[in-house]
Amino acid sequence: MTEIKKLVRITTVPLSIDTLLKGQLGFMNSFYDVTAVSSDHDYLARCAKTEKVKFRHIEMTRKITPAKDLIALVKLFYFFKNEKPHIVHSHTPKAGLLAMIAAKCAGVPIRLHTVGGMPLMETSGLKRKVLQLVEKLTYYCANKIFPNSKGLYDFILDSDLATPEKLKFMANGSTNGINTAHFSPDSVSQEVQKSLKSKLEIADDDFVIVFVGRMVGDKGINELALAFRNVTTTNKKLKLLFVGMQESVDPLSKVTQKEIKENENIIAVGFQSDIRPYLAISNALILPTYREGFPNVVLQAGAMGLPVIVTDINGCNEIVTNGKNGIIIPVKNVLEIELAILEMVNDKAYYNALKVNARPMITSRYEQHIMWNAILQEYQSHEKEVMIKKADKKFKLIYSRA
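A brief structural summary. Predicted model, so just to flag it, every value in this text is computed and none were measured.

1. Side note on the overall build of the protein
Move 1: Within the protein one finds 16 helices and 12 strands.
Move 2: Relative to the globule expectation of 21 Å for 402 residues, the C-alpha radius of gyration of the protein, 22 Å, shows essentially globular dimensions.
Move 3: Taken along its principal axes, the extent of the C-alpha atoms in the protein is 85 × 45 × 40 Å.
Move 4: Across the 402 residues of the protein, 53% fall into the buried class.
Move 5: Look at the contacts in the protein between residues 6 or more apart in sequence, and 70% of them connect residues 24 or more apart.
Move 6: Counting every atom, the protein has about 19,100 Å² of accessible surface; 55% of that belongs to carbon and sulfur.
Move 7: When the 53 positive and 41 negative side-chain charges of the protein are each reduced to one mean point, those points stand 8 Å apart.

Now the structure itself:
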């Protein structure tokens with residue numbers, strides 16, 4: 001009987017498993033003995049139950065916390081030493097750093113890391129240099145690095161963080177692809193939409209722009225709130241719907257927080273485990289972010305048939321073709337946000353043309369099973385390489401004794 005090899009998938013927080021990797025661990029569990037590793041025991045346990053995989057709780061922080069990081073590193077090392085996984089695959093910067101160092105020290109043969117966004121892209125000075133060293137160390141300890149967008153691939157090379165041999169850009173980009181059957185215009189009934197609109201006091205003739213994600217500064221929320229205040233001075237039929245939690249890391253300005261609380265045309269509903277109803281009652285998605293890897297929410301909104309407004313950064317400008325399925329605007333530009341919103345609202349023919357293209361441009365390029373199978377093939381390819389190296393080493397040992 002063939003032994004099922006062990007695969008460890010690790011993220012800093014379980015939210016990444018629950019959203020960015022949803023379904024993928026369960027798929028891989030048909031081929032490997034999968035264990036999910038992350039922080040927050042209870043949330044991780046729920047994610048593992050949903051994916052039907054094992055889990056190991058090891059607390060990690062998203063901030064730079066040397067003492068806690070060292071404890072997590074030691075725990076990971078002993079976990080890998082005891083479990084002897086064949087593959088360790090990490091996501092998110094902190095989990096990537098700790099997992100790749102621990103896995104290399106523990107002798108894990110296949111060490112893989114997916115890059116889905118880099119904080120250093122929005123930093124400068126000493127902090128940027130520190131983050132560059134962190135990325136270099138992560139990549140050095142890994143066998144292979146998977147940037148989830150072409151823009152990140154180019155950035156890593158241009159910044160001399162890794163050699164081309166270490167990098168692999170898979171399929172058309174993304175970390176998890178998109179389940180286009182789950183995210184579809186027909187996935188939310190008219191009754192549910194009507195009920196939700198009534199609850200949120202949204203009229204049928206309102207034009208709803210939705211933001212989905214972490215409500216933090218580098219997502220462009222400060223600029224968005226200001227731009228929306230400006231456009232609603234002349235158009236009261238506009239609504240801005242925020243789906244996501246405000247966070248203490250990179251918090252919103254006090255002016256923005258006040259605007260969200262007091263503007264009657266802004267609706268904030270917090271984190272939602274199922275965002276489809278909120279996309280279904282919206283007319284367009286906006287993501288004025290400063291940096292991204294490959295934003296799932298743009299895929300999800302497109303699959304639901306929504307045109308999108310995104311900033312001209314990697315990932316976003318790979319999913320969206322300006323003037324075809326959305327509008328691409330410069331980063332950190334309040335005026336351009338205003339103009340893009342007004343263009344969608346006031347030019348019905350243009351809006352409808354974007355809407356017609358939205359779903360087909362996602363289903364044709366980012367179907368989920370394509371990405372899952374690409375990752376599986378990558379695992380299997382590395383397994384063959386390991387087997388060849390072991391056979392070659394054994395042969396050389398026998399030959400040297402002859």
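2. So, the pattern of salt bridges
Any two side chains of opposite charge can pair, on the condition that their charged atoms come close.
Move 1: Under the counting rule described, the total for this entry stands at 17 salt bridges.
Move 2: Among the ionic pairs, K22 bridges to D18, the shortest N-O distance being 3.6 Å.
Move 3: What makes K22 partly exposed here is its relative accessible area of 42%.
Move 4: Residue R62 pairs with E247 through a salt bridge whose shortest N-O separation is 3.4 Å. Of the two residues, R62 sits in the loop between β3 (54–57) and α4 (66–83) while E247 sits in the loop between β8 (238–243) and α10 (254–262), which places them 185 residues apart along the sequence.

3. Description of the layout of surface pockets
Move 1: Estimates place the volume of the second largest pocket at around 290 Å³.
Move 2: Residue lining of the second largest pocket: P109, I110, N143, K144, E378, S381, H382, E385, V386, K389 and K390, and that is the complete set.
Move 3: Counting residues per element, the lining of the second largest pocket draws most heavily on helix α16 (residues 368–401), at seven residues.
Move 4: Taken together, the residues of the lining of the second largest pocket sort by class into three nonpolar, three polar and five charged.

4. A look at the packing of helix α14 (residues 334–346) against helix α15 (residues 348–363)
For any two helices packed against each other, one specifies the inter-axial angle together with the distance between the axes.
Move 1: Packing of α14 against α15 brings their axes to within 5 Å, and their N-to-C directions diverge by 95 degrees. As far as their axial angle goes, α15 and α14 are roughly perpendicular. Every residue of α15 that contacts α14 at E343, M344, V345 and N346 is listed here: K348, Y350, Y351 and L354.
Move 2: Its residues assigned to classes, the contact of α14 with α15 comprises five nonpolar, one polar and two charged.

5. What about empty space enclosed by the protein?
A probe as big as a water molecule, rolled over the atoms, marks out the empty space that is left.
Move 1: Per the counting criterion, the structure on display carries three cavities of 30 Å³ or more.
Move 2: In this structure, the largest cavity spans a volume of roughly 70 Å³.
Move 3: T114, F146, M170, S174 and M371 are the residues nearest the centre of the largest cavity, which is lined by 13 residues in total.
Move 4: Listed by contribution, the elements that provide at least two residues to the lining of the largest cavity are β4 (87–91), β6 (144–147) and α16.
Move 5: Among the residues making up the lining of the largest cavity, the classes are represented as six nonpolar, six polar and one charged.

6. Things to note about helix α3 (residues 41–51)
Move 1: Buried within α3 we find Y43, L44, C47, A48 and E51. The arc enclosing the buried residues of α3, seen along the axis, measures out at 135 degrees, which places them on a common side. Of the residues in α3, the exposed ones pointing more than 90 degrees away from the buried face are D42, R46, K49 and T50.
Move 2: Where α3 is buried, its residues contact α1 (14–20), α2 (24–28), β2 (33–38) and β3.

7. Looking at the pairing of strand β1 (residues 6–10)
Move 1: Burial analysis of β1 places four of its five residues in the buried class, which makes it a mostly covered element.
Move 2: Pairing geometry for β1 and β2, over five bridges, is parallel. For L7, the partnering residue across the bridge sits in β2 and is V34.
Move 3: Alignment of β1 against β4, held across four bridges, turns out to be parallel. Following the sheet pairing, I10 is matched in β4 by S90.

So, how was this worked out
- Residues numbered from 1 in each chain as written.
- Predicted model: local features only at pLDDT ≥ 70, side-chain atom pairs only at ≥ 80, totals over all residues.
- Heavy atoms only, no water.
- Helix = DSSP H or I, 4+ residues; strand = E, 2+ residues; numbered from the N terminus.
- Rg over C-alpha atoms; globule rule 2.2 N^0.38 Å.
- Buried < 20%, exposed > 50% of the residue type's maximum accessible area, 1.4 Å probe, protein only.
- Contact = heavy atoms within 4.5 Å.
- Areas by Shrake-Rupley, 256 points an atom, 1.4 Å probe, with all protein chains shown as cover.
- Lys, Arg positive; Asp, Glu negative; His and termini not counted.
- Charge placed at Lys NZ, Arg CZ, Asp CG, Glu CD.
- Salt bridge = Lys/Arg side-chain N within 4 Å of Asp/Glu carboxyl O.
- 1 Å grid on protein atoms, 1.4 Å probe; cavity = no way out; pocket = protein on both sides within 12 Å on 5 of 7 lines; lining within 4 Å.
- Points joined across faces, edges and corners; volume = space filled by probe spheres on them.
- Nonpolar A, V, L, I, M, F, W, Y, C, P; charged D, E, K, R; others polar.
- Axes fitted to C-alpha atoms, helices over the stretch in contact; angles between N-to-C directions.
- Parallel < 35°, antiparallel > 145°, perpendicular 65-115°, else oblique.
- Arc of directions from axis to C-beta.
- Pairing = 2+ DSSP bridges.

Just geometry here; none of it tells us what the structure is for.
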